[in-house]
Amino acid sequence: PEIYLNGLAEQTPPFTTDPTALDAAAREVLDDGPYWYVAGSAGSGATDRANREAFDRRRLIPRMLTGATERSLRTTVLGQELAAPVLLAPIGVQSILHDDGELATARAAASVGVPMILSTASSHSIEDVAAASGTGPRWYQLYWPNDDDLTVSLLDRAKKNGYTALVVTLDTWTLAWRPHDLDLSYLPFIRGVGCAVTFSDPVFRAGLEKSPEEDLMAAVLTWVPLYTGTDKTWDRLPFLREHWDGPIVLKGIQHPDDARRAADAGMDGIVVSNHGGRQVDGAIASLDALPEIVAAVGDRIDVLFDSGVRTGADVLKALALGAKAVLYGRPFAYGLALGGEDGVRHVLRSLLADLDLTLGLSGHRTPAELRPGDLTPR
Ligand code: FNR
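Residues numbered from 1 in each chain as written. Predicted model: local features only at pLDDT ≥ 70, side-chain atom pairs only at ≥ 80, totals over all residues. Heavy atoms only, no water.

(A) Structural detail: the site of the ligand. Near the ligand, the surroundings consist of 22 residues, among which Pro90, Ser119, Thr169, Asp306 and Arg310 are the closest. Between a nitrogen atom of the ligand and a side-chain N or O atom of Lys251, the distance comes to 3.1 Å. With respect to the ligand, the backbone of Gly308 contributes an N or O atom lying 3.3 Å from an oxygen atom. Against a free-state accessible area of 600 Å², the protein chains account for coverage of 98% of the ligand. (Near = heavy atom within 4 Å. Polar contact = N/O pair within 3.5 Å; in protein donor to acceptor, adjacent residues only side chain to side chain. Areas by Shrake-Rupley, 256 points an atom, 1.4 Å probe, with all protein chains shown as cover.)

Pasting the structure below:
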């Protein structure tokens, strides 16, 4: 109603309310490097496209006369109550999209009550983004450094700054073959963008001869090997448990056996994700991986989902297949590019309104009601 009423005063939304049109709108305002860093994916883009096709192949089957005028999006994930089954996916280097970067995103997310997952590759420090979040809900995403002291320091800082869950991303221990970025020779980290969390860390700084402010290149060259290549295997997970007393979620799971290992290792949840098709080109569509994973571990741990979610209907499809909540990725990044804090807020409020209407019109009162039978078979 708000949007239609604004129309009476000849006020239209700041930019499109169609989440599938944000990409083209952002293309108009971004330079090639930043645009393709966000829009691009690995290799031929096959998995990025497959993510969307997997949603398009499945259709909701609406139910009538269910009393769905009364409804709520509230959801419990990892024992935490969320305003909706939606979180902002961890997206690094947001200052390539807008000067305020993660600070704008944090303010917008807090104002809507949707948790922001702060990336280790953020362009602002943990402390500054937490201050921008205020009392807003927030989780911390770890790229797991090849240095235990630094890891412990990052976890301590996240804890001290009010981050209530840890998301450990496993699928990006090195960057994939991303032709758009290679063709443009565009990599934000080379210029120190996306290194703020680490550059502001006391353990990292203690290991440098000159501070990152004095010698950026030396700091970047120290940063790169910390986050590239990996000595991590499943037997290292107890280390994280030891140093983080809240819930831990493993992000990047695509195989049911890995989901079982996560549950066996005492993890609290997983994110079924292929990083938006940005890592393994030719990998299974994330939505196609979801049902078997839910069958394997859905009764033991919370299964979250991302990769390809664009509309309210997409959220419902993932919920019907057993996800507890979804992470929203590229669309909010385009909103940031198009309008900073207001842009992220517009994208988020539009998604939640679309989700609420589509939930009700398909005959449901809560996100937890959705079942596989509410979808057409593959
Ligand atoms: C990401 N993603 C990501 N994931 C993560 O764990 N840490 C990170 O720093 C980033 N950075 C990042 C940057 C950009 C520009 C993009 C587009 C993505 C992956 C992200 O969390 C999520 O998995 C995908 O964005 C989901 O796919 P869709 O919905 O964007 O297609």
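That was the structure; now back to the text.
(B) Representation of the pairing of strand E10 (residues 325-328) within the structure. In E10, alternate side chains face the same way, and those of Ala325 and Leu327 on one face and Val326 and Tyr328 on the other are all buried. For strand E3 (residues 86-88) and E10, the ladder comprises three bridges, and the chain directions are parallel. Residue pairing across strands places Val86 opposite Val326, the latter belonging to E10. Where strand E9 (residues 302-305) lies against E10, two bridges are found, and the strand directions are parallel. Residue Phe305 lies in a different strand from E10, and its bridge partner there is Val326. What joins E9 to E10 is helix H15 (residues 312-320), and the crossover it makes is right-handed. (Buried < 20%, exposed > 50% of the residue type's maximum accessible area, 1.4 Å probe, protein only. Helix = DSSP H or I, 4+ residues; strand = E, 2+ residues; numbered from the N terminus. Pairing = 2+ DSSP bridges. Right-handed = clockwise from strand over helix to strand, strands pointing away.)

(C) Fine view of the packing of aromatic side chains. A complete count under the given rule lists seven aromatic pairs for this structure. For the pair Tyr35 and Trp36, a centre-to-centre distance of 4.9 Å together with 75° between the ring planes defines the contact as edge-to-face. With a relative accessible area of 26%, Trp36 lands in the partly exposed category. Seen in terms of ring centroids, Phe189 and Trp223 are 5.1 Å apart; in terms of plane orientation they differ by 15°. Their pairing is stacked. On the criterion of sequence distance, the pair formed by Phe189 in the loop between helix H8 (179-183) and helix H9 (196-199) and Trp223 in helix H11 (residues 216-226) is long-range, its members being 34 residues apart. Judged by its relative accessible area of 12%, Phe189 falls in the buried class. Among the aromatic residues, ring-to-ring pairing joins Phe189, Trp223 and Tyr227 into one connected group. (Phe/Tyr/Trp six-rings, centres within 6.5 Å; stacked < 30°, edge-to-face > 60°.)

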